[in-house]
Amino acid sequence: MYPLLRLVVYWLILPTFGISQESDLRQISLPFQEDARIKKAIQIRQSQRSETFRQIRQSYTLDEAANEILKLPAKDLIEKLQLRSLNATQVLQAYMAKAITVQDKFNCITEFVPFALERAQNLDKLNAVRGPLHGIPVCVKDDHDVIVDTTMGLGKNLNMPASSNSVLTQTLFDLGAVIFCKTNIPQTVFRYSSDINDTEPLFGATEYTMIWNFVDFPAGVIPFGIETGQNIDHYDDAGDAVLRLAKESTKDSIGSPIGIQIIGKPFKEEQVLRALNELFNKIDSKK
């Protein structure tokens, strides 16, 4: 029911129950005032977010140097940062450039952490590396506190930054990582996907598949082997943005782990477990 119509209805029926119109209508109007405040906050945040992303597109470009960094396997990237043949600022800038291109395709980033660059620069000034993850760029979901807003996909949580880091993010900081962005989630992490638009979406839809277990479909994954970028290059990616991204991201990969996912109907967990077990035995026998 539209808010104005609700107020008219309440105005007509409250006297029937002997309720004071003036005092109680003030109370009734409070939720509508809050709803208007949240919608305004969402509009402002969406505008700020668009401007921030525009600035990042202008400031960070995927040049040859950035692509060379992005090609590095994780173990090589860690080694170069530990030996300081690469610095944290260089690596962060490369990952920021890549992240904004991915954001433009999938709308997966809620915000970039504003102090990430300063964090990387401070790490570069240290006489010794900060820890085993020194300078490694990391993103976290929007349900982890990083002393910025943790919205959980809800507009009412805007402009209420956390006063401290969560245990997970603080541990990453202590190990030397650079948390540089937060990524989208289903509202309150209780929807089966964030690719469903709500009436007033905070950040919009993210393009990824639903999480089967959240809708009571038993599912499991077993390792199957590795796949190189060359092996998937010939796959038909028409209409498949995820596959196109996989091709682009792994074209120089020496091997990415792959698995087989089995999904069953509700309450058929035993069948799923049996299928996973038989597949595992078949794969193991061929090794």
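Structure: see above.
Everything in this summary refers to the structure shown in the same document. (Residues numbered from 1 in each chain as written. Predicted model: local features only at pLDDT ≥ 70, side-chain atom pairs only at ≥ 80, totals over all residues. Heavy atoms only, no water.)

Quick word on the overall build of the chain
Right, on to step 1. If you tally the helices and strands in the chain, you get 10 helices and five strands.
Right, on to step 2. Taken over 287 residues, the chain has a buried fraction of 35%.
Right, on to step 3. Sequence-distant contacts in the chain: of pairs separated by 6 or more residues, those separated by 24 or more amount to 69%. (Helix = DSSP H or I, 4+ residues; strand = E, 2+ residues; numbered from the N terminus. Buried < 20%, exposed > 50% of the residue type's maximum accessible area, 1.4 Å probe, protein only. Contact = heavy atoms within 4.5 Å.)

Remarks on the packing of helix α3 (residues 64-71) against helix α5 (residues 88-106)
Right, on to step 1. At their nearest, the axes of α3 and α5 sit 9 Å apart, and the two run at 95° to each other. Considering the angle they form, α3 stands roughly perpendicular to α5. On α5, the residues that touch Ala66, Ile69 and Leu70 of α3 are Gln90, Val91, Ala94, Tyr95 and Lys98.
Right, on to step 2. Considered class by class, the residues forming the contact of α3 with α5 number six nonpolar, one polar and one charged. (Axes fitted to C-alpha atoms, helices over the stretch in contact; angles between N-to-C directions. Parallel < 35°, antiparallel > 145°, perpendicular 65-115°, else oblique. Nonpolar A, V, L, I, M, F, W, Y, C, P; charged D, E, K, R; others polar.)

Here's the deal with unusual backbone geometry
Right, on to step 1. A positive phi angle, near 65°, is found at Arg84, a position not held by glycine.
Right, on to step 2. Position of Arg84 relative to the elements: it lies in the loop between α4 (74-83) and α5.

Observations concerning the side chain of Thr89
Right, on to step 1. Among the structural elements, Thr89 can be located in helix α5.
Right, on to step 2. Residues in contact with Thr89, not counting those within four places in the same chain, are Leu117, Ala120, Gln121 and Asp124.

Considering the packing of aromatic side chains
Right, on to step 1. Applying the stated criterion to the full structure yields two aromatic pairs.
Right, on to step 2. Centre to centre, the rings of Phe53 and Phe112 are 5.6 Å apart; their planes meet at 90°, and the pair counts as edge-to-face. Separated by 59 residues along the polypeptide, Phe53 in helix α2 (residues 21-59) and Phe112 in strand β1 (residues 109-112) bring together distant segments of the chain.
Right, on to step 3. Residue classification places Phe53 among the buried residues on the basis of a relative accessible area of 4%.
Right, on to step 4. Summarising the aromatic geometry, the rings of Phe112 and Phe180 are spaced 6.5 Å apart at their centres and angled 35° between planes, so their arrangement reads as tilted. Placement of the pair is Phe112 in strand β1 and Phe180 in strand β3 (residues 178-183), with a sequence separation of 68 residues. The pair Phe112 / Phe180 is uniform in exposure class, with both members buried.
Right, on to step 5. Cluster of aromatic residues (ring-pair linked, three or more members): Phe53, Phe112 and Phe180. (Phe/Tyr/Trp six-rings, centres within 6.5 Å; stacked < 30°, edge-to-face > 60°.)

Side note on the packing of α5 against helix α6 (residues 116-125)
Right, on to step 1. Here α5 crosses α6 at 155°, and the two axes come no closer than 8 Å. With respect to each other, α5 and α6 are oriented roughly antiparallel. Together, Ala88, Thr89 and Leu92 of α5 and Ala116, Leu117, Ala120, Gln121, Leu123 and Asp124 of α6 make up the contact between the two elements.
Right, on to step 2. Among the residues making up the contact of α5 with α6, the classes are represented as six nonpolar, two polar and one charged.

Focus on the environment of Gln58
Right, on to step 1. Mapped onto the secondary structure, Gln58 falls in helix α2.
Right, on to step 2. Exposure remark for Gln58: the relative accessible area of 58% places this residue in the exposed category.
Right, on to step 3. Spatially, the C-alpha atoms of Gln58 and Ala97 are 9.4 Å apart, while their sequence positions differ by 39 residues.

Focus on the pattern of salt bridges
Right, on to step 1. The final tally for this structure, using the stated rule, is five salt bridges.
Right, on to step 2. A salt bridge links Arg54 to Glu51; the shortest N-O distance between them is 2.5 Å. Here the residue Arg54 and the residue Glu51 both occupy positions in helix α2, the gap between them amounting to three residues, near one helical turn.
Right, on to step 3. Glu51 sits in the partly exposed class, given a relative accessible area of 32%.
Right, on to step 4. Put simply, Lys182 and Asp142 hold a salt bridge, and the shortest N to O gap is 3.2 Å. Within this pair, whereas Lys182 is found in strand β3, its partner Asp142 is found in the loop between β2 (137-141) and α7 (167-174), the two being separated by 40 residues in sequence. Grouping residues by exposure puts Lys182 and Asp142 together as buried. (Salt bridge = Lys/Arg side-chain N within 4 Å of Asp/Glu carboxyl O.)

Regarding the sheet that holds β3
Right, on to step 1. Within the open sheet, the three strands sit side by side as β1-β3-β2. Their pairing is mixed. A strand with exactly one partner marks an edge of an open sheet, and here the two such strands are β1 and β2. For this sheet, the mean inter-axis angle between neighbouring strands, taken without regard to orientation, is 35°.
Right, on to step 2. The pairing of β2 with β3 spans five bridges and is classified as parallel. Considered in β3, the bridge of Cys139 is made with Cys181. (Pairing = 2+ DSSP bridges.)

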